[in-house]
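# Structural description and commentary
Here are the chains, one letter per residue:
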Amino acid sequence: MLNVNIDISKIELSIKDIVNKIIEEKRITDQETLLILEKAPNSLLFLLANAKRERLNSNNTFFNKNIHIEPTNICVFDCKFCSYSRLLKEKSQGWEHSIDEMVEMVKEYKEDEITEVHIVGGVHPKMGLNYFIELIKKIKRIRPNIHIKAFTAVELEYMCRKAKVSYKEGLKMLKEAGQNSLPGGGAEIFSNEIRNIICKDKCTSEQWLEIHKTAHEMGMQSNATILYGHIEKPSHIIDHMSRIRDLQDTTSGFNAFIPLKYRNGNNQMSHLKEVSIIDDIRMYSIARLYFDNIKHIKAYWPMIGKETTQNLLSFGVDDIDGTIDDSTKIYSMAGVEDQNPTMSTEEITNLIKKVKRKPIERDSIYNELKVY
Ligand code: V47
Ligand code: SF4
């Protein structure tokens with residue numbers, strides 16, 4: 001039973017049973033979730049999400065010490081929401097890091113300063129499977145204990161296709177080189193109706209799910225994301241989460257679900273207004289209530305901002321990623337206020353403590369390393 005103080009008699013009839021199910025910790029269906037996403041008052045949704053967050057993760061708020069490496073922003077795809085990719089013909093605005101440069105980036109940190117390297121970038125036609133295998137091997141040679149979370153399903157689909165290997169073969173080679181897990185990017189919105197408009201040329205929803213399934217079956221865990229707040233409708237959000245919940249029922253390989261708010265700077269969808277903070281909180285809350293099989297809901301602070309992240313810790317979120325030195329350009333180029341997002345351990349833990357939550361440093365697979 002969730003510990004929540006609600007006067008059930010005051011709740012609208014159509015959502016009363018759903019609320020009872022949530023309180024009794026029963027799984028809610030897609031239809032029920034759609035109904036509460038569309039109809040439940042904010043206060044009710046927020047209260048329930050917080051109760052569930054506290055039931056699953058008590059007061060704990062997780063972060064880790066990592067750096068992001070973006071090998072290139074040259075990309076063969078043309079996602080309408082992307083502010084940072086450049087085509088080969090626009091090379092003057094692009095970057096391509098050499099393997100040695102990226103290894104140097106890792107070397108800048110002492111062994112105990114970071115536990116994870118997160119590698120994600122554009123899909124460059126010349127950076128293939130062998131290139132990334134060499135990169136991973138070289139990083140592991142200098143930091144054998146570091147966790148490498150790398151390559152979205154979009155990058156993996158392209159590199160396996162180009163190398164003419166199956167997902168299983170490609171992932172096996174990367175795993176043998178030292179890759180440990182996969183990030184959750186590239187999922188966007190699974191519905192073809194929306195995908196065909198916002199990112200029609202990259203990997204399909206089925207391919208995204210297949211790649212994560214294959215990784216899970218090989219013992220590589222991953223995350224799942226959703227890109228919300230653009231042209232999608234509530235039904236698309238439910239459909240998206242439903243496909244992830246179904247896969248998780250079979251594999252249990254997802255560590256965290258990460259809602260990513262669409263930011264409208266400098267891209268082909270810039271005419272769209274960004275959604276309000278209330279919509280953000282509703283998205284995170286509904287995710288917390290829907291996923292009974294994914295333990296962590298992550299707010300990626302460089303994208304959503306520090307203040308909103310703090311607020312979200314009361315509405316379902318228990319993980320804030322935590323990059324100590326975030327070199328990601330995905331969000332700074334999309335117009336996020338903080339153009340150089342970095343937080344020291346002290347800043348991260350203070351941010352969490354200020355809203356009366358308990359900061360816990362974790363490793364990449366959620367083993368607790370230190371309580372602050
Ligand atoms: O797939 C691109 C998103 C994702 C915009 O797994 C945008 O731990 C908002 O997935 N507005 C890549 N979002 C980043 C990602 C990620 C980030 C942090 C942690 C993890 C993890 C994964 O960034 C893309 C896309 O959905 N994105 N452009 C934009 N304008
Ligand atoms: Fe390329 Fe990723 Fe940007 Fe899409 S979101 S254009 S795949 S870098």
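Look a little higher up for the structure.
Bear in mind the structure is a predicted one, so any value in this text is a computation, not a measurement.

## Things to note about the site of ligand 2
- Around ligand 2, a shell composed of Cys75, Phe77, Cys79, Phe81, Cys82, Tyr84, Ser85, Gly122, Val154 and Lys202 is seen.
- Its residues assigned to classes, the shell around ligand 2 comprises seven nonpolar, two polar and one charged.

## Some words on the pattern of salt bridges
- This model, assessed by the stated rule, comprises 24 salt bridges.
- Among the salt bridges present, the one from Lys21 reaches Glu32, with a minimum N-O distance of 3.0 Å. Of this pair, Lys21 sits in helix H1 (residues 13-23) while Glu32 sits in helix H2 (residues 30-39), and the two are 11 residues apart along the sequence.
- Taking relative accessible area as the criterion, Glu32 reaches 19% and is therefore assigned buried.
- Lys202 is the salt-bridge partner of Glu188, the closest N and O atoms lying 2.6 Å from each other. One end of the pair, Glu188, is in the loop between helix H7 (167-177) and helix H8 (192-198); the other, Lys202, is in the loop between H8 and helix H9 (205-217), and 14 residues separate them in sequence. We note that Glu188, like Lys202, is buried.

## Re empty space enclosed by the protein
- One pass over the full model with this rule turns up three cavities of 30 Å³ or more.
- Taken as a whole, the second largest cavity spans an internal volume of roughly 90 Å³.
- In this structure, the second largest cavity is lined by 14 residues; those nearest its centre are Lys149, Ser181, Asn223, Asn255 and Ser364.
- Elements supplying a minimum of two residues to the lining of the second largest cavity: strand E4 (147-150) and strand E5 (222-228).

## Considering the layout of surface pockets
- Of the volumes computed, that of the largest pocket is approximately 220 Å³.
- What lines the largest pocket is Leu37, Tyr228, Gly229, Glu232, Lys233, Pro234, Ile237, Val275, Asp279, Arg282 and Met283.
- The set of elements that each furnish at least two residues to the lining of the largest pocket consists of helix H10 (234-251) and helix H11 (277-290).
- Counting residues per element, the lining of the largest pocket draws most heavily on H11, at three residues.
- For the lining of the largest pocket, the residue count by class is six nonpolar, one polar and four charged.

## Structural notes on the sheet that holds strand E7 (residues 296-297)
- Here we have three strands laid out as an open sheet, ordered E5-E6-E7, and parallel in their pairing. Edge positions in the open sheet fall to E5 and E7, since each of these has one partner strand only.
- Bridge count for strand E6 (residues 254-261) against E7 is two bridges, and the pairing is parallel. Counted as the bridge partner of Ala256 is His296 from E7.
- Across the sheet, H9 is in contact with E5 and E6; its angle to E5 comes to roughly 160°.

## Looking at the nonpolar core
- In terms of nonpolar packing, the biggest core is built from 109 residues, with Ile36, Met241 and Phe257 touching the most fellow members.
- With seven residues, the single largest contributor to this core is H11.
- Summarising the domain contributions, this core has at least three residues from each of domain 1 (8-55) and domain 2 (56-371).
- Contacts of Ile36, omitting those with residues within four sequence positions, involve Ile15, Ile18, Ile22, Ile28, Leu45, Arg282, Ile286 and Leu289.

## Section: the site of ligand 1
- Taken together, the neighbourhood of ligand 1 is formed by 24 residues, with Lys149, Gly184, Gly186, Glu188 and Lys298 sitting nearest.
- Take Glu188: an N or O atom from its side chain is 2.4 Å from an oxygen atom of ligand 1.
- Take Asn223: an N or O atom from its side chain is 3.0 Å from an oxygen atom of ligand 1.
- For ligand 1, the protein covers 95% of the area, taking 610 Å² as the surface of the free molecule.
- Among the secondary structure elements, those contributing two or more residues to the shell around ligand 1 are E5 and E6.

Thresholds applied
Residues numbered from 1 in each chain as written. Chains lettered and ligands numbered in written order. Predicted model: local features only at pLDDT ≥ 70, side-chain atom pairs only at ≥ 80, totals over all residues. Heavy atoms only, no water. Near = heavy atom within 4 Å. Nonpolar A, V, L, I, M, F, W, Y, C, P; charged D, E, K, R; others polar. Salt bridge = Lys/Arg side-chain N within 4 Å of Asp/Glu carboxyl O. Helix = DSSP H or I, 4+ residues; strand = E, 2+ residues; numbered from the N terminus. Buried < 20%, exposed > 50% of the residue type's maximum accessible area, 1.4 Å probe, protein only. 1 Å grid on protein atoms, 1.4 Å probe; cavity = no way out; pocket = protein on both sides within 12 Å on 5 of 7 lines; lining within 4 Å. Points joined across faces, edges and corners; volume = space filled by probe spheres on them. Pairing = 2+ DSSP bridges. Contact = heavy atoms within 4.5 Å. Axes fitted to C-alpha atoms, helices over the stretch in contact; angles between N-to-C directions. Core = buried A, V, L, I, M, F, W, Y, C linked by side-chain atoms within 4.5 Å. Domains from an automatic or database assignment. Polar contact = N/O pair within 3.5 Å; in protein donor to acceptor, adjacent residues only side chain to side chain. Areas by Shrake-Rupley, 256 points an atom, 1.4 Å probe, with all protein chains shown as cover.

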